[in-house]
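Working through the structure, step by step
Letter by letter, the chains look like this.
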Amino acid sequence: MDPMLEKSFSEERALLFGLIQECIFSEYALEDCPLLELRDSLTSLADKYAYVMQLGDNEVNSLLRQHEECIAERGATYMEGYSPVS
């Protein structure tokens, strides 16, 4: 079996793994975004997988909370400049 498939993801770990790969607001990420730092430092899928799998549940949840806060802030900033077409 492929070593990357040996250990299955929880839903939270799967989400974090995807976010370490890419985020819809990646180009607007702030310098203190922990996921931006991980995207830059973990270059291969195997490295990202290994990182996510070695985290404790509390660490996974903490990173996901930080992401949710960032998305809320980035989304609000984006919506301030949005004007729907009538």
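That block above? That's the structure.
The model shown is predicted, which means the values in this text are computed figures rather than measured ones. The numbering scheme is per chain: residues are counted from 1 as the chain's sequence reads. The model is predicted, so local features are restricted to residues of pLDDT at least 70 and side-chain atom pairs to those at 80 or more, both for listing and for counting; the totals for chains, interfaces and linings are taken over all residues. In computing side-chain values, all of the structure's heavy atoms are included and hydrogens and water are not.

**Remarks on the environment of Ser10**
Note on placement: Ser10 falls in the segment before helix H1 (11-21). Think of it in three bands: residues with accessible area under 20% of the maximum for their type are buried, residues over 50% are exposed, and the middle band is partly exposed, with areas taken using a 1.4 Å probe on protein chains only. In this structure Ser10 comes out as partly exposed when scored by relative accessible area, which is 30%. Taking the C-alpha atoms as reference points, Ser10 and Met53, separated by 43 residues in sequence, lie 9.7 Å from one another. A polar atom in the side chain of Ser10 sits 3.2 Å from the backbone nitrogen of Arg13. What counts as a helix is a DSSP run of H or I of at least four residues, what counts as a strand is a run of E of at least two, and both are numbered from the N terminus. Throughout this description, a polar contact denotes any pair of N or O atoms lying within 3.5 Å of each other; where both atoms belong to protein, one of them has to be capable of donating a hydrogen while the other can accept it, and for residues adjacent in sequence the pair is counted only when both atoms sit in side chains.

**A word on the environment of Cys23**
Following the sequence through the fold, Cys23 ends up in the loop between H1 and helix H2 (34-41). Accessibility expressed as a relative area gives 11% for Cys23, which makes it buried. Contact criterion: two residues are considered in contact whenever any of their non-hydrogen atoms come within 4.5 Å of each other. Excluding residues that lie within four positions of it along the chain, Cys23 makes contacts with Arg39, His67 and Ile71.

**Structural notes on the environment of Phe17**
Structurally, Phe17 can be placed in helix H1. Those residues in contact with Phe17 that sit more than four places away from it in its chain are Phe9, Leu45, Lys48, Tyr49 and Val52.

**Examining H1**
Restricting attention to buried positions, one finds in H1 the residues Arg13, Leu16, Phe17, Leu19 and Ile20. The arc enclosing the buried residues of H1, seen along the axis, measures out at 165°, which places them on a common side. Think of the arc as the fan of directions from the helix axis to the C-beta atoms.

**Quick notes on the pattern of salt bridges**
Salt bridge, as used here: a side-chain nitrogen of Lys or Arg that lies within 4 Å of a carboxyl oxygen of Asp or Glu. Scanning the model with the defined rule gives one salt bridge in all. In this structure, the salt-bridge partner of Asp57 is Arg13, at a minimum N-O distance of 2.9 Å. One end of the pair, Asp57, is in helix H4 (residues 57-80); the other, Arg13, is in helix H1, with 44 residues separating them in the sequence.

**Considerations on the packing of H1 against H2**
With axes taken as lines fitted to C-alpha atoms, and helix axes fitted only over the stretch in contact, angles between N-to-C directions fall between 0 and 180 degrees. At their nearest, the axes of H1 and H2 sit 8 Å apart, and the two run at 70° to each other. What the angle tells us is that H1 and H2 run roughly perpendicular. Here Leu16, Leu19, Ile20 and Gln21 of H1 lie close against H2, whose contacting residues are Leu35, Leu38 and Arg39. As a working rule, the residues Ala, Val, Leu, Ile, Met, Phe, Trp, Tyr, Cys and Pro are called nonpolar, Asp, Glu, Lys and Arg charged, and the rest polar, with Gly in that last group. Of the residues contributing to the contact of H1 with H2, the split by class is five nonpolar, one polar and one charged. The labels follow the angle: roughly parallel below 35 degrees, roughly antiparallel above 145, roughly perpendicular from 65 to 115, and oblique for the rest.

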